[in-house]
Amino acid sequence: MSMMGELTFFLGMQIKQMENGTFISQSKYCKEVLKKFGMDTTKEASTPIGTSCYLDKDESRIEVNQTMFRGMIGSFLYLIASRPDIMQFLCVCARFQANPKESHLTVVKRILKYLKGTACFGLWYPSRVSPSLIGYFDVDYGGCKIDRKSSSGTCHLLGCSLVSWHSKKKLV
Amino acid sequence: MQEELNQFERNEVWELIPRDNSHQVIGTKWVFRNKLDEDGNITKNKARLVAKGYRQEYGMDYDETYALVARLEAICLLLAYASLMKFKLYQMDVKSAFLNGFIKEDVYVEQPPDFEDYKFPNYIYKLKKALYGLKQAPRSWYERLSTFLLEKYVNIFCKFKFM
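In this text, all values refer to a predicted model and were calculated from it rather than measured experimentally.

Visitor: I keep staring at the overall build of chain A and nothing clicks. Help me out?
Guide: Helices and strands together make up the secondary structure of chain A, namely 4 helices and 8 strands. Going from N to C terminus, chain A has its helices and strands arranged as β-β-β-β-α-α-α-α-β-β-β-β. By principal-axis analysis of the C-alpha atoms, chain A measures approximately 55 × 40 × 35 Å. Scored against the burial criterion, the 172 residues of chain A give a buried share of 23%. Taking contacts inside chain A between residues at least 6 apart in sequence as the whole, the part at least 24 apart equals 62%.

Pasting the structure below:
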């Protein structure tokens, strides 16, 4: 058994413990994966997805390398550990993994560009707040334009710190 | 490699017994890895002796294999709660963690390649504790750790009140 000192790096998450709170980020992991997909020199985007962006199965367009597409999605899924902001868009893209087309890849690359500009973002857990547990839940009605299924999302806050979140398209 | 074998000695992982054809003997092999630090420089050359777990048979060499792992939400909760209560978190590391777990089944392994006992090169090892690569290794380590923690800290947890 050996002591490794104060908790700073754990499961790929960089943890900074300060006087007034704790900051968690995955900037190192994020940069590493951007480099892996050759996106470390591209322009940065300020939003993860366009406002008028609409994804469908896109059956007529050019196919892209499925392995690479899946690799991208999979690598960035782990980033959700500290980045709830990209979760919804990444999950939407993940639905097209079985048959990815060029238009889907463009959307994923937009997310990567956004990540490039915001790699140092993370979660901030402040101290000195009342430890109340608050949960939020929302659901849309038939929001998916392909099969008219609803999707739901939740998030839970302990004090002012976000501890759990999820977004899911309903099965029925 | 010698360091790894010293760990075996210290944890009393196995004992040498004569070869007996009645039981299945599982092979072992060395796995080498270079450990990198944050900037990608090599800090350590690591050797790990692993068992060829794919030779194990269900019901004979292992039974339960399910081991609990921490969910991300649990880790986030811990971090959030620690910062709320102004706790300082420290990190610890258990060297060759899996060598600490006890196993219930009788498992026999070959001697490590290139490190045979010079007196009895034909003998085999009977395992008392788990080895990396065995199917039940994560579970047995989890069991050992959780029993220890529960025994040691259950009284403290009982006294501890939520705010």
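Visitor: Please explain the overall build of chain B as it appears in this structure.
Guide: Scanning chain B for helices and strands turns up 3 helices and 7 strands. Counting from the amino terminus, helix and strand elements in chain B follow one another as α-β-β-β-β-α-β-β-β-α. Expected size for 163 residues packed as a compact globule is a radius of gyration near 15 Å; at 20 Å, chain B overshoots this value by more than 25%. Expressed along its principal axes, the backbone C-alpha trace of chain B runs to roughly 60 × 40 × 25 Å. In chain B, the share of contacts with a sequence separation of at least 24, taken over all contacts with a separation of at least 6, comes to 74%.

Visitor: It is not clear to me how the sheet that holds strand S6 (residues 108-109) of chain B should be interpreted in this structure. Could you clarify?
Guide: As a general point, the strands of a sheet are linked pairwise by backbone hydrogen bonds and lie either parallel or antiparallel. Residue and element names in this part refer to chain B. The strand order across the open sheet built from 4 strands is S1-S7-S6-S2, with neighbouring strands paired in mixed fashion. Since the sheet does not close on itself, it has two edges, and those belong to strand S1 (14-17) and strand S2 (25-26), each with one partner. Both S2 and S6 contribute to a ladder of 2 bridges, which runs parallel. Residue isoleucine 26 lies in a different strand from S6, and its bridge partner there is valine 109.

Visitor: So what exactly am I meant to see when it comes to the domain arrangement of chain A here?
Guide: Quite often, the size of an interface is put as the accessible area lost when its parts meet. Residues and elements named next belong to chain A. Domain boundaries in chain A define domain 1 (9-128) and domain 2 (130-172). Between the C-alpha centres of domain 1 and domain 2 the distance comes to 19 Å. Counting residues at the interface gives 10 residues for domain 1 and 7 residues for domain 2. Every element with two or more residues in the side of domain 1 that touches domain 2 is listed here: helix H3 (87-94) and strand S5 (122-126).

Visitor: How do you make sense of the packing of H3 of chain A against helix H4 (residues 102-117) of chain A when you look at a structure like this?
Guide: Residues and elements named next belong to chain A. Running from amino to carboxyl end, H3 crosses H4 at an angle of 155°, the nearest separation of the two axes being 10 Å. Of the possible angle classes, the one that applies to H3 and H4 is roughly antiparallel. Viewed along their axes, H3 and H4 form a crossing whose handedness is left-handed. Residues Phe89, Leu90 and Cys93 of H3 touch H4, and the partners they reach there are His104, Val107, Val108 and Ile111. Residue composition of the contact of H3 with H4, grouped by class: 6 nonpolar, 1 polar and no charged.

Visitor: Explain the interface of chain A and chain B to me, please; I cannot follow it from the model alone.
Guide: Contacts between chain A and chain B engage 24 residues on the former and 19 residues on the latter. Contributing elements (two or more residues each) for the side of chain A that touches chain B: strand S1 (2-6), strand S3 (13-18), strand S4 (21-25), S5 and strand S8 (161-169) of chain A. Ranked by residue count, the leading element in the side of chain A that touches chain B is S1 of chain A, at 5 residues. The residue inventory of the side of chain A that touches chain B, partitioned by class, reads 14 nonpolar, 9 polar and 1 charged.

Criteria and cut-off values
Residues numbered from 1 in each chain as written. Chains lettered and ligands numbered in written order. Predicted model: local features only at pLDDT ≥ 70, side-chain atom pairs only at ≥ 80, totals over all residues. Helix = DSSP H or I, 4+ residues; strand = E, 2+ residues; numbered from the N terminus. Buried ≥ 20, exposed ≤ 12 C-beta atoms within 10 Å, placed from the backbone. Contact = placed C-beta atoms within 7 Å. Rg over C-alpha atoms; globule rule 2.2 N^0.38 Å. Pairing = 2+ DSSP bridges. Domains from an automatic or database assignment. Axes fitted to C-alpha atoms, helices over the stretch in contact; angles between N-to-C directions. Parallel < 35°, antiparallel > 145°, perpendicular 65-115°, else oblique. Left-handed = near helix turned anticlockwise from the far one by under 90°. Nonpolar A, V, L, I, M, F, W, Y, C, P; charged D, E, K, R; others polar.

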